[in-house]
Amino acid sequence: MPNYTVTVATGTQWFAGTDDYIYLTLVGSEGCSERTLLDKPLYNDFERGAVDSYDVNVGEDLGEIALVKIEKKKYWMHDDWYCKYVTVKTPYGDYIEFPCFRWLVDDKEVILRDGRARLPQHDKTGVAKQHRRKELEQRQKTYRWKEWHPGFPMSIDAKAHSELPRDIQFDSEKGVDFVLNYSKAIENLYVNQFMHMFQSSWGDFADFERIFVRIKNTISEYVMEHWKEDFMFGYQFLNGCNPVVIRKCTEIPDKFPVTQKIIEDSLERGLTLEQELKEGNIFIADYELLDGVTPNATDPCTLQYLAAPICLLYKNSQKKIMPIAIQLSQKPGEDNPIFLPSDDQNDWLLAKIWVRSSDFHVHQTVTHLLRTHLISEVFGIAMFRQLPAVHPVFKLLLPHIRFTIAINTKAREQLICECGLFDKANGTGGGGHVELVQRSMKTFTYSSLCFPEAIKERGMDSQEELPYYFYRDDGCSVWEVVKSFVTDVVDIYYDKDETVQEDEEIQAFVKDVCSFGMQDFDYCEFPKSLQTKEQLVEYLTIVIYTASAQHAAVNFGQYDWCSWIPNSPPTMRKPPPTKKGEVDLKYIVESLPDRGRSCWHLGAVWALSQFQENELFLGMYPDEHFIEKPVKEAMAKFRKKLAEVTKVIKNRNEGKKLPYYYLSPDRIPNSVAV
């Protein structure tokens, strides 16, 4: 009588083990085994982290094992179980791996394919084709699109984290509770005593130190000491939280009537403004997106204000980026002066503060929320809907959407919802953040997610012209390493362009992203099909890079750059000045956030800057969805190249007062999960 040995591994997550009944059926090319009971309740098998082995006896040879069916039946009450993998040893001594890495909930069954990745056109048997089809049919019922707000990218159809499929929930819902995490951060920062002081202004800038946590040798302390300096202001456009707004200026816009006479004192080379423009020494940051956005009105006791400034910047002879002119609204006129470094120091300082506050809003809502969180969720939902677990691209992308749908759902539930935490301290709370996303979607293009293209489009690609743009340099290095890895994996499964064209599942995935996720907006230019291996490589590189490196670059520096509140005010309580010479220190301090909002903001940027517990960084793939040796070799090569980039960045940062480490691969999580 043939004997098969089945080994089952249970996950190490909390509550991963189970006391329910577990049944297993082997499905082979020549027949099926009987439904075998592997474990009874209270037998202490299938405990957290356990690896258990069982003998399955059959009456005749089953042929090639095609599927493993696992069933969980309730004993007393439903007890979810996380299965990592199943290994089958055949009577002939062969070992077949069946990766699972998913939860069995209720009285559901899971049917597993062996770990070899296959494209749909390479499955020949009816059993295999039927399994692919049924898996996707079930997934499409489970992962449904929903429009959270008109004009937004589509999101998952779930109102709460608890409604999500178990496989994409956080291991512990408590771990991603924004109310709890923000409150814990506020407690850890020892600012509780100021929390009730909404509407109560600080006395002066030094007062902000009462809630500022000094951590030795951190960027945040350097910011506190130098935030008023023009160099620090300009540097943040390159390497701060939002290094994606600045662009080379080739022509001064009509709405910003800067002339040679106005700024000639700031030009160092003896050239005219026109000549400086031609030489590529003038840059601009335009916050037109904020023009007319409704400011936060959720607190009737505190008026809050927004501005849509334009800032002109100059690359001086030391190749440092310095501000030379600021206009605080989009329409020129007598009540909208152009502020200059030569103005009264309070006028110039307040103008820079307004730019920093506007940059904070665009960063949080557009650069961070829309362009990393929401777009990664679109890729994730489409992946679950259109790619079965056996597809190599599913195996490749799954680690890079880990917990993304969960964190976004929790954010919609607690953070950016109506009356959510976002409203407490942010000038775009109460709906302004929704307007910002809707506006930004009208110019959101596929090519803007391609890192090298986005840098080039802003005219910021020359390392010789801008040697201190570390976001660009490190980002390009990581992009190339990710692209090389993706190329290696694509080459394993796709031998030619026609193989991409014939892959109906990858075509459905790409079409789902464009037609449903991005709502088929004509201007977004997302592809609806892929024709070549090169296009597939770029697409997958964009998905992985956006979820990992781009998110890391714009998320984990928030405490560094935003904890000193005058450097990144989350709201402003006085309107922008309309004349010069009327601003004093008292007006500036009263413009800045009050004590209560300052504390909420500090708790938020602290919590958002922390890595998840048991974080998985770029190149770490502990769940072995791939079993093929060539892919494992590609992963090893990927990790080696990432380590080389890490070493280069570490060496460059040594001794620097302002190190740039957000794109160091050892600090880039695999996915958007915080």
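The structure we're discussing is the one just above.
Just so we're clear, the structure is a prediction, and the values are computed from it rather than from any experiment.

S.K.: Please clarify how the overall build of the chain should be interpreted in this entry.
M.R.: If you tally the helices and strands in the chain, you get 20 helices and 16 strands. Against the globule reference of 26 Å for 674 residues, the chain gives a C-alpha radius of gyration of 28 Å, in line with a compact fold. In terms of principal-axis extent, the alpha carbons of the chain reach across some 95 × 55 × 45 Å. Taking the contacts inside the chain whose residues are at least 6 apart along the sequence as the reference set, 75% of them involve residues at least 24 apart. Here the chain displays about 28,000 Å² of accessible surface, and carbon together with sulfur accounts for 49% of that area.

S.K.: Just to check I follow, could you spell out the pattern of salt bridges for this structure?
M.R.: Where side chains of opposite charge bring their charged atoms close, a pairing between them can arise. For the structure shown, the criterion picks out 34 salt bridges. A salt bridge links R132 to E505, with the shortest nitrogen-to-oxygen separation between them at 2.7 Å. Taken together, the residues span a long stretch of sequence, with R132 in helix α1 (residues 126–142) and E505 in helix α15 (residues 504–517) at a distance of 373 residues. The exposure class of R132 is buried, given its relative accessible area of 4%. For E505, a relative accessible area of 6% puts it in the buried group. For D157, the salt bridge is made with R144, and the minimal N-O distance between the two is 3.1 Å. In this pair, D157 is assigned in the loop between β11 (155–156) and α2 (178–188) and R144 in the loop between α1 and β10 (145–146), connecting sequence segments 13 residues apart. The class for D157 is partly exposed, based on a relative accessible area of 28%.

S.K.: How should the sheet that holds strand β13 (residues 282–286) be read in this particular structure?
M.R.: Adjacent strands of a sheet pair through backbone hydrogen bonds, lying either parallel or antiparallel. As summarised here, the arrangement of the 5 strands in space is β12-β13-β14-β15-β16, forming an open sheet in which the pairing is antiparallel. For this open sheet the edge positions go to β12 (247–248) and β16 (338–339), each flanked by a neighbour on one side alone. Pairing geometry for β13 and strand β14 (residues 310–315), over 5 bridges, is antiparallel. Pairing of F283 across the sheet is with L313, part of β14. Seen against the sheet, helix α4 (residues 230–239) touches β13, β14 and β15 (321–327) and runs at an angle of roughly 95° to β15. Packing against the sheet, helix α7 (residues 345–386) makes contact with β14, β15 and β16, and its axis sits at approximately 95° to β15.

S.K.: I would appreciate a short explanation of the environment of G603 in the present structure.
M.R.: Secondary-structure assignment places G603 in helix α19 (residues 595–608). Through-space distance from the C-alpha of G603 to that of G517 is 32 Å; in sequence the pair is 86 residues apart.

S.K.: Sorry, what's going on with the side chain of T10 here?
M.R.: Inspection of the secondary structure assignment puts T10 in strand β1 (residues 3–10). Here the side chain of T10 touches W81 through a polar contact of 2.9 Å, side chain to side chain. If near-sequence neighbours (up to four positions away) are discounted, T10 is found in contact with A16, G17, F46, E47, R48, G49, A50, W81, Y82 and K84.

S.K.: For this particular structure, what's the right way to read unusual backbone geometry?
M.R.: Glycine aside, residues mostly have negative phi, and peptide bonds are mostly found in the trans state. Of note in this structure, F101 is not a glycine but carries a positive phi near 50°. Tracing the sequence through the fold places F101 in strand β8 (residues 95–104). The residue N614 is not glycine, and still its phi comes out positive at about 55°. If you trace the backbone, N614 turns up in the loop between α19 and α20 (629–653).

S.K.: Before we go on, may I ask you to explain the pairing of β14 in this structure?
M.R.: Successive side chains on a regular strand alternate, one facing one side of the sheet and the next facing the other. Buried residues dominate β14, accounting for 6 of its 6 residues. Burial of β14 is two-sided: the residues I310, L312 and Y314 facing one way and the residues C311, L313 and K315 facing the other way are all buried. For β14 and β15, the ladder comprises 6 bridges, and the chain directions are antiparallel. Each residue of the ladder has a partner; that of Y314, found in β15, is M322. Counted between consecutive antiparallel strands, the loop separating β14 from β15 contains 5 residues, among which K319 sits at a positive phi close to 65°.

S.K.: Would you explain a negative patch on the surface in this entry?
M.R.: Residues D497, E498, E502 and E534 make up a contiguous surface patch of negative charge. Among the structural elements, E498 can be located in helix α14 (residues 497–502).

S.K.: Quick question: what am I supposed to make of the packing of aromatic side chains here?
M.R.: Given two aromatic rings, their pairing is described by the distance between the two centres and the angle made by the two planes. A full pass over the atoms with the stated rule returns 30 aromatic pairs. Ring centres 6.2 Å apart and planes at 25° place the aromatic pair F485 and Y621 in the stacked group. Linking F485 in helix α13 (residues 470–493) with Y621 in the loop between α19 and α20, this pair joins segments that are 136 residues apart in sequence. With respect to burial, F485 and Y621 carry one shared label: buried. Pairing Y559 with W606 gives two aromatic rings, centres 5.0 Å apart and planes at 85°, and the pair type is edge-to-face.

Reading guide: rules and limits
- Residues numbered from 1 in each chain as written.
- Predicted model: local features only at pLDDT ≥ 70, side-chain atom pairs only at ≥ 80, totals over all residues.
- Heavy atoms only, no water.
- Helix = DSSP H or I, 4+ residues; strand = E, 2+ residues; numbered from the N terminus.
- Rg over C-alpha atoms; globule rule 2.2 N^0.38 Å.
- Contact = heavy atoms within 4.5 Å.
- Areas by Shrake-Rupley, 256 points an atom, 1.4 Å probe, with all protein chains shown as cover.
- Salt bridge = Lys/Arg side-chain N within 4 Å of Asp/Glu carboxyl O.
- Buried < 20%, exposed > 50% of the residue type's maximum accessible area, 1.4 Å probe, protein only.
- Pairing = 2+ DSSP bridges.
- Axes fitted to C-alpha atoms, helices over the stretch in contact; angles between N-to-C directions.
- Polar contact = N/O pair within 3.5 Å; in protein donor to acceptor, adjacent residues only side chain to side chain.
- Patch = residues over 30% accessible without salt bridge, like charges linked within 9 Å, V, L, I, M, F, W, Y side chains within 5 Å.
- Lys, Arg positive; Asp, Glu negative; His and termini not counted.
- Charge placed at Lys NZ, Arg CZ, Asp CG, Glu CD.
- Phe/Tyr/Trp six-rings, centres within 6.5 Å; stacked < 30°, edge-to-face > 60°.

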